[in-house]
Amino acid sequence: MFKHSLRRALVVGMATTLLSAPVLAQELTGTLKKIKDTGAISLGHRESSIPFSYYDDKQQVIGYSHELMLKVVDAIKAELKLGKLDIRLLPVTSANRITLVQNGSVDLECGSTTNNTERQKQVSFSNTIFVIGTRLMTKTNSGINDFPDLAGKNVVTTAGTTSERLLRRMNEEKQMKMNIISAKDHGEAFLTLETGRAVAFMMDDALLFGEMAKAKRASDWVVVGTPQSYEAYGCMLRKDDPAFKKVVDNALAKVMTSGEAEKIYAKWFLQPIPPKGLNLNFPLSTSVQNIYKSPNDKAFD
Amino acid sequence: MAYNWNWGVFLQPTATGDDSTYLDWMFHGLQMTIGLSLSAWLIALLLGAVVGVLRTVPNRWLSGVATAYVEFFRNIPLLVQLFLWYFVMPELLPENLGNAFKQTNPIVQQFLSSMICLALFTSARVAEQVRSGINSLPPGQKNAGLALGFTLSQTYRHVMLPMAVRLIVPPLTSEFLNIFKNSAVCSTIGLLELAAQGRQLVDYTAQPYESFIAVTVAYLLLNVVVMSGMRWVEAHVRVPGYIGGK
């Protein structure tokens, strides 16, 4: 903040001494200024968050969140009246995404990032783009139907996720004696499940369906259990940058209220998707319908 | 950069409700790193000494096997070796045995895989140090031993190894330091050592800088302790008349 005011003071100082251009009606600050000055925006994406943000078989980034992010980029381009806007794509992980947004490497990250109050201390979140429940994936014949069945068993989850927290807390509070494995990413967590190291994989339900789409035989797996929490996914941007947040929020709100978002939803959740052409068949939930109807950036916890 | 510093985060109770603080997590991680590195180092020293000696014996078969061992473990990246031990090994075992291993406590699985991986990787490097130590001795020493009527193994035990081992203390120190740093790789299979606890702290508190700084300081302190320990050893086993010896 000190830096900002210093920079502004310098800009103002230079403008007055040079007595050149008239004062701009709306002076750009923060991320918008950076984008305008460099003619480029750097976007954070995930590598294996199917169907939100992931690589297809040609190593192109695709997905529901990614498509929404590109809509936002179009809006930014229009807002800044730029003829050309270079897009730099940077893969991020659960563990480094917050740091990369903070240190300026990434201007906007739309993937599968939960908006919660803890994270709001470090970064800012756009309007919610998706709502998930945390559930379990297990083998069709494992005999696991809900969370109490996990007592005394090995359970895998992805490190750095809300599921990991919930699982550890449940283990502590209910004395379930589960052995919890925290895998590096969703792909590795599924590998742990697939090789029989764990009987179940706890994660956001949409991502579980996504992992199923990658499995050798999708019919071997089911998603079961009462959701342990509901979470709002949002796009991440730097804190204290209201001008940029407003552009992002407005762009998302427009996509959602215009019915365009529902089409994008259908494309990724109700139709066959790369890499294996599997259909997730994940019906539009009422919570997602609600955010489409009245876009907001509220966290659920 | 807009960042909220909060060093008090280490004293906060963790979000998992197990009445420990984040500082306790860091300590558990430190313990794991030390336990893993020391046990792997012991195995690496023993194996490395054997393989290093074998590389110098006048028997083409034995030295060939030892060379193959060293090249194998030295030329495959540590991360790949770790994945081989953790993910591939249990699938190659007979199915019953593999499944039994996979059903044991994950911490035991992760620790054993990491320990074996680090130990074998480092043993190849130790073996190279031992070999170079032995080869650096003037050939007269071996010949003198043999001429005195020692057998080959007696010559190794009483003449060459006592000299060679003392000469290679400095390079062994850096291998010893390396094993602590390399142990951070084991966080990739889910072992909660120091680096993994640091990463976990970031996930739970969204305070990356405090946590990475704490991890850095912990590794530094650890290595300073190891280094001064090895300096002490070095000073006490120095060969009189050689570099640095009196």
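These numbers come from a predicted model, not from an experiment.

When helices and strands are counted, chain B shows 10 helices and 0 strands. For chain B, the N- to C-terminal ordering of α and β elements is α-α-α-α-α-α-α-α-α-α. With respect to the principal axes defined by its C-alpha atoms, chain B has extents near 70 × 55 × 30 Å. Burial status across chain B gives 36% buried among its 246 residues. A separation threshold of at least 6 residues defines the contact pool for chain B, and within that pool the share at least 24 residues apart is 73%.

Looking only at helices and strands, one finds 11 helices and 14 strands in chain A. The C-alpha atoms of chain A give 21 Å as radius of gyration, which agrees with the globular expectation for 301 residues (19 Å, within 12%). Over its C-alpha atoms, taken along the principal directions, chain A stretches across nearly 75 × 40 × 35 Å. The 301 residues of chain A split such that 44% are buried. Taking the contacts inside chain A whose residues are at least 6 apart along the sequence as the reference set, 77% of them involve residues at least 24 apart.

Taken residue by residue, chain B gives an average pLDDT of 92. The fraction at 70 or more is 98%. Across the interfaces of the predicted complex, the ipTM metric reaches 0.75, alongside a pTM of 0.76.

This brings us to the environment of S124 of chain A. Structurally, S124 of chain A can be placed in strand β7 (residues 123–139). S124 of chain A has contacts with L237, R238, K239, D241 and K245 of chain A, leaving out every residue within four places of it along the chain.

Attention shifts here to the packing of helix α1 (residues 22–56) of chain B against helix α9 (residues 194–205) of chain B. Residue and element names in this part refer to chain B. At a closest axis distance of 7 Å, the pairing of α1 and α9 adopts a crossing angle of 160°. Here α9 runs roughly antiparallel to α1, going by the angle between their axes. Both α1 and α9 take part in a crossing whose hand is right-handed. Packed against α1, whose contacting residues are Y22, W25, M26, H28, G29, L30 and T33, the element α9 presents L194, A196, Q197, Q200, L201 and T205 at the interface. Looking at the contact of α1 with α9 residue by residue, the class counts come to 7 nonpolar, 6 polar and no charged.

Next up on the list: the domain arrangement of chain A. Residue and element names in this part refer to chain A. For chain A, the assigned domains are domain 1 (27–132 + 231–293) and domain 2 (134–228). In this structure, domain 1 and domain 2 have C-alpha centres spaced 26 Å apart. With 16 residues of domain 1 in contact, the opposing surface of domain 2 contributes 18 residues. Tallied by class, residues from the side of domain 1 that touches domain 2 come to 8 nonpolar, 6 polar and 2 charged.

Residues and elements named next belong to chain B. On the secondary structure map, L221 appears in helix α10 (residues 208–237). Look at L221 and you get exposed, because 11 C-beta atoms sit within 10 Å. Residues L221 and R74, spaced 147 residues apart in sequence, show a C-alpha to C-alpha distance of 28 Å.

With that settled, the discussion passes to the pairing of strand β12 (residues 230–238) of chain A. Residues and elements named next belong to chain A. In terms of burial, β12 is largely enclosed, as 8 of its 9 residues are buried. Examined bridge by bridge, β7 and β12 share 8 bridges and lie antiparallel to one another. Within β12, the position partnered with T128 by the bridge is G234.

Moving on, we come to the interface of chain B and chain A. Opposite the 23 residues of chain B that make contact, chain A presents 30 residues. Of all the secondary-structure elements, those providing two or more residues to the side of chain B that touches chain A are α4 (95–103) and α9 of chain B. Per-element accounting of the side of chain B that touches chain A gives the leading share, 5 residues, to α9 of chain B. Its residues placed into classes, the side of chain B that touches chain A shows 9 nonpolar, 9 polar and 5 charged.

Moving on: the sheet that holds strand β2 (residues 48–49) of chain A. All names here are of chain A. Reading across the sheet, the 3 strands line up as β2-β3-β4 and stay open at both edges, with antiparallel pairing between neighbours. Single-partner strands in this sheet number two, and they are β2 and β4 (61–62). When β2 meets strand β3 (residues 53–55), the two strands line up antiparallel, connected through 2 bridges. Directly across from S48, in β3, lies its bridge partner Y54.

All names here are of chain B. With 16 residues, helix α2 (residues 60–75) ought to run about 22 Å at 1.5 Å a step, and its terminal C-alpha atoms sit 22 Å apart, in line with that. Taken as a whole, α2 has its buried residues at A66, V70 and F73. Buried residues of α2, viewed axially, fall in a sector of 80°; they line one side. For α2, exposure combined with an orientation more than 90 degrees from the buried face picks out R60, W61, G64, A68, E71, F72 and N75.

Conventions adopted
Residues numbered from 1 in each chain as written. Chains lettered and ligands numbered in written order. Predicted model: local features only at pLDDT ≥ 70, side-chain atom pairs only at ≥ 80, totals over all residues. Helix = DSSP H or I, 4+ residues; strand = E, 2+ residues; numbered from the N terminus. Buried ≥ 20, exposed ≤ 12 C-beta atoms within 10 Å, placed from the backbone. Contact = placed C-beta atoms within 7 Å. Rg over C-alpha atoms; globule rule 2.2 N^0.38 Å. pLDDT = per-residue confidence, 0-100. Axes fitted to C-alpha atoms, helices over the stretch in contact; angles between N-to-C directions. Parallel < 35°, antiparallel > 145°, perpendicular 65-115°, else oblique. Left-handed = near helix turned anticlockwise from the far one by under 90°. Nonpolar A, V, L, I, M, F, W, Y, C, P; charged D, E, K, R; others polar. Domains from an automatic or database assignment. Pairing = 2+ DSSP bridges. Expected span 1.5 Å × (residues − 1). Arc of directions from axis to C-beta.

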